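One letter stands for each residue in the lines below.
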Amino acid sequence: MSANERATRALREILQNPGNETCADCGAPDPDWGSCTLGVFICLACSGIHRNIPDTSKVKSLSLSHWEDHEVQFMADCGNDLMKSKYEAAVPFYYYKPTHKDCQTLREQWIRAKYERKEFCEPGNHSIYEEGMRDGILMKRGRDNGQFLSRRFVLSEREGTLKYFTKYDAKEPKAVIKVDSINATFQPEKIGNPNGLQITYLKDYSTRNIFVYHDNGKEIVDWFNTIRAVQLHYLKVAFPGATNAELVHKLTRNFLKEGYMEKTGPRHTEGFKKRWFTLDQRRLMYFKDPLDAFAKGEVFLGNKDHGYSASPGLPAGTHCNGAWQYGITIETPDRGFLFTCESESDQQDWLKCFNDVMNAVMSPQEYTMEALFKHRH
């Protein structure tokens, strides 16, 4: 057996150790790369990010690269669990740890924060996300013309607000957003920028979207985690008995699903129109364009025991126009909604999401939202 084959076999055995079966950085299964300077096993996507920090990490393929005996021994001595206990010793509760499903910018800044900047090695380190204030320029998409223009944003923990101003020295903000109503989620494809961030908030019980980006990936991820830090501070005040673990899922969240479907009007006699749909917790919103500031309409999805259901197909006699033949019928206590999908797999994905939501137990806040919905509609 050659030295290379011996090294490969030894690495495969080390991979069986607890913690090494998923990527050390994003949790993707079956990592097939390793950092021989950091002692961690990583996936192909994260290995590309490690390659951008050559002074910190040297990556090798577990099967295609040449490994020295001392490097193999180093991987055996270290491994993912031990290195996480070092490099993730003090990750703040609010800090968003990306998974393999998250965008490149989030994953890159997580990896750089861990290994290059060593932000989380020392418990008690003062964190840049906890200064209670952030003031800077972000590129914001105009509501009417769609152009991205530089706007000043100010986040204040003391005031509990995120404000933005059309001019740097403007006295009056264009909008004042309460931090406890904010959601922020990375949307590079939708926004057309790798650092694109969608900020949503409730305004008069309607969801308002703002789309921003910054040319610097670190800057936009710092904004994102600072918003989460401020939100956690507010939640601790609102829920004084709650633990961090109970509150952390109330911070920013990714949407459950987004994509195009066609829908018809309330009388089900109009033609089906293509719309962009966003499922955010129990709110199904639809937009004429994915980058619209306001939804054209919203459907509240309550619990299945209270008259809500989602099923494949459309009522007999419904006239579909065009190629979108895969129907979905949603029933609510007030009315039915008819949608069509382009493919069967899309239909199945949407149905699974709808039924997961309808099967979930409703929180007190969601009952309040349902009552507001009924009052408004």
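What counts, and where the lines are drawn
- Residues numbered from 1 in each chain as written.
- Predicted model: local features only at pLDDT ≥ 70, side-chain atom pairs only at ≥ 80, totals over all residues.
- Heavy atoms only, no water.
- Pairing = 2+ DSSP bridges.
- Helix = DSSP H or I, 4+ residues; strand = E, 2+ residues; numbered from the N terminus.
- Axes fitted to C-alpha atoms, helices over the stretch in contact; angles between N-to-C directions.
- UniProt positions renumbered as here; feature names shortened; annotations may be inferred.
- Phe/Tyr/Trp six-rings, centres within 6.5 Å; stacked < 30°, edge-to-face > 60°.
- Lys NZ or Arg CZ within 6 Å of the ring centre and 35° of its normal.
- Salt bridge = Lys/Arg side-chain N within 4 Å of Asp/Glu carboxyl O.
- Core = buried A, V, L, I, M, F, W, Y, C linked by side-chain atoms within 4.5 Å.
- Buried < 20%, exposed > 50% of the residue type's maximum accessible area, 1.4 Å probe, protein only.
- Contact = heavy atoms within 4.5 Å.
- Disulfide = S-S within 2.5 Å.
- Polar contact = N/O pair within 3.5 Å; in protein donor to acceptor, adjacent residues only side chain to side chain.

Chemist: Residues and numbers for the sheet that holds strand E17 (residues 336–341), please.
Modeler: Pairing in this open sheet of seven strands is antiparallel, and the strands run E14-E13-E12-E11-E17-E16-E15 from one edge to the other. Because the sheet does not close on itself, it has two edges, and the strands there are strand E14 (297–300) and strand E15 (309–312). Here the average twist between neighbouring strands, direction ignored, is 35 degrees. Direction of pairing for E15 relative to strand E16 (residues 326–331): antiparallel, over a ladder of four bridges. Each bridged residue has a counterpart across the sheet, and for Ser311 the counterpart in E16 is Thr329.

Chemist: Lay out the UniProt feature "domain: Arf-GAP" (unreviewed entry) in the protein chain with the relevant residues and their values.
Modeler: Mapped onto the present numbering, the UniProt feature "domain: Arf-GAP" (unreviewed entry) falls on residues 5–135. Between the C-alpha atoms that bound residues 5–135 the distance is 55 Å, and the span itself is 37% helix and 9% strand.

Chemist: So what about the packing of aromatic side chains? Which residues, and what values?
Modeler: Applying the stated criterion to the full structure yields 17 aromatic pairs. One residue, Lys60, lies across the ring of Trp67, its end atom 5.7 Å from the ring centre. Against the face of Phe239 rests Lys250, its NZ or CZ located 5.1 Å from the ring centre.

Chemist: Quick rundown of the sheet that holds strand E6 (residues 161–165)? Include the residues and the values.
Modeler: In spatial order, the strands read E7-E6-E5-E4-E10-E9-E8; together these seven strands make up an open sheet with antiparallel pairing. Two strands lie at the open edges of the sheet, namely strand E7 (175–178) and strand E8 (183–186), each paired on one side alone. Neighbour to neighbour, the strand axes of the sheet diverge by 35 degrees on average, direction disregarded. Inspection of the sheet shows strand E4 (residues 133–141) paired to strand E10 (residues 206–213) by two bridges, in the antiparallel sense.

Chemist: Account for the pattern of salt bridges, naming residues and giving values.
Modeler: If you walk through the whole model with that rule in mind, you get 18 salt bridges. Among the ionic pairs, Lys97 bridges to Glu88, the shortest N-O distance being 3.3 Å. The closest approach of N and O atoms between Lys218 and Asp222, which form a salt bridge, is 2.6 Å. Of this pair, Lys218 and Asp222 both sit in helix H7 (residues 217–238), four residues apart, roughly one helical turn. Among the charged side chains, a salt-bridge network with shared partners connects Asp25, Glu88, Lys97 and Lys114.

Chemist: Please give an account of the UniProt feature "domain: PH" (unreviewed entry) in the protein chain that cites residues and values.
Modeler: Listed under "domain: PH" (unreviewed entry) in the UniProt record, and renumbered for this structure, are residues 131–232 and 254–359. A helix fraction of 20% and a strand fraction of 45% characterise residues 131–232, whose end C-alpha atoms lie 13 Å from each other.

Chemist: An account of the nonpolar core is requested, with residue identities and associated values reported.
Modeler: By size, the foremost hydrophobic cluster in this structure holds 37 residues, and its most contacted members are Tyr95, Leu162, Phe186, Leu197, Ile199 and Val212. When neighbours within four sequence positions are excluded, Leu162 is seen to be in contact with Phe153, Val154, Leu155, Ala175, Val176, Ile177, Val179, Ile182, Ile199 and Trp223. By size, the runner-up hydrophobic cluster in this structure holds 23 residues, among which are Tyr286, Tyr308, Val357 and Met362.

Chemist: I'd like a description of the state of the cysteines, backed by residues and values.
Modeler: Each disulfide consists of one covalent bond between the sulfur atoms belonging to two cysteines. According to the stated counting rule, one finds zero disulfides in the structure shown. Free cysteine: Cys353, not disulfide-bonded; nearest cysteine sulfur from Cys341 at 11 Å. Residue Cys353 is classed as buried on the basis of its relative accessible area of 17%.

Chemist: Account for the side chain of Asn225, with residues named and values stated.
Modeler: As for its position among the elements, Asn225 is in helix H7. A polar side-chain atom of Asn225 sits 2.9 Å from the main-chain amide nitrogen of Tyr96. If we skip the residues at most four places from it in the chain, Asn225 touches Tyr94, Tyr95, Tyr96 and Tyr129.

Chemist: Just give me the short version of unusual backbone geometry, but keep the residues and values in it.
Modeler: The backbone phi angle of Lys118 is positive, close to 50 degrees, even though this residue is not glycine. Relative to the assigned elements, Lys118 resides in the loop between helix H5 (104–116) and E4. The phi dihedral of Gln281 is positive, around 55 degrees, even though this residue is not glycine. For Gln281, the position within the fold is in the loop between strand E12 (273–280) and strand E13 (283–287). The exposure class assigned to Gln281 is partly exposed, which follows from its relative accessible area of 38%.

Chemist: Tell me about the environment of Phe74, and name the residues and values.
Modeler: Along the chain, Phe74 turns up in helix H3 (residues 69–77). Each C-alpha atom of the pair Phe74 and Thr37 lies 8.3 Å from the other, and the pair is 37 residues apart in sequence. Leaving out residues up to four positions away in the same chain, Phe74 has contacts with Cys36, Thr37, Leu38 and Gly39.

Chemist: So, the pairing of E13: which residues are in play, and what are the values?
Modeler: Burial of E13 is extensive: five of the five residues sit out of reach of the surface. Neither face of E13 is exposed, since Arg283, Met285 and Phe287 on one face and Leu284 and Tyr286 on the opposite face are all buried. Where E12 lies against E13, five bridges are found, and the strand directions are antiparallel. Note that in E13 the partner of Asp280 across the bridge is Arg283.

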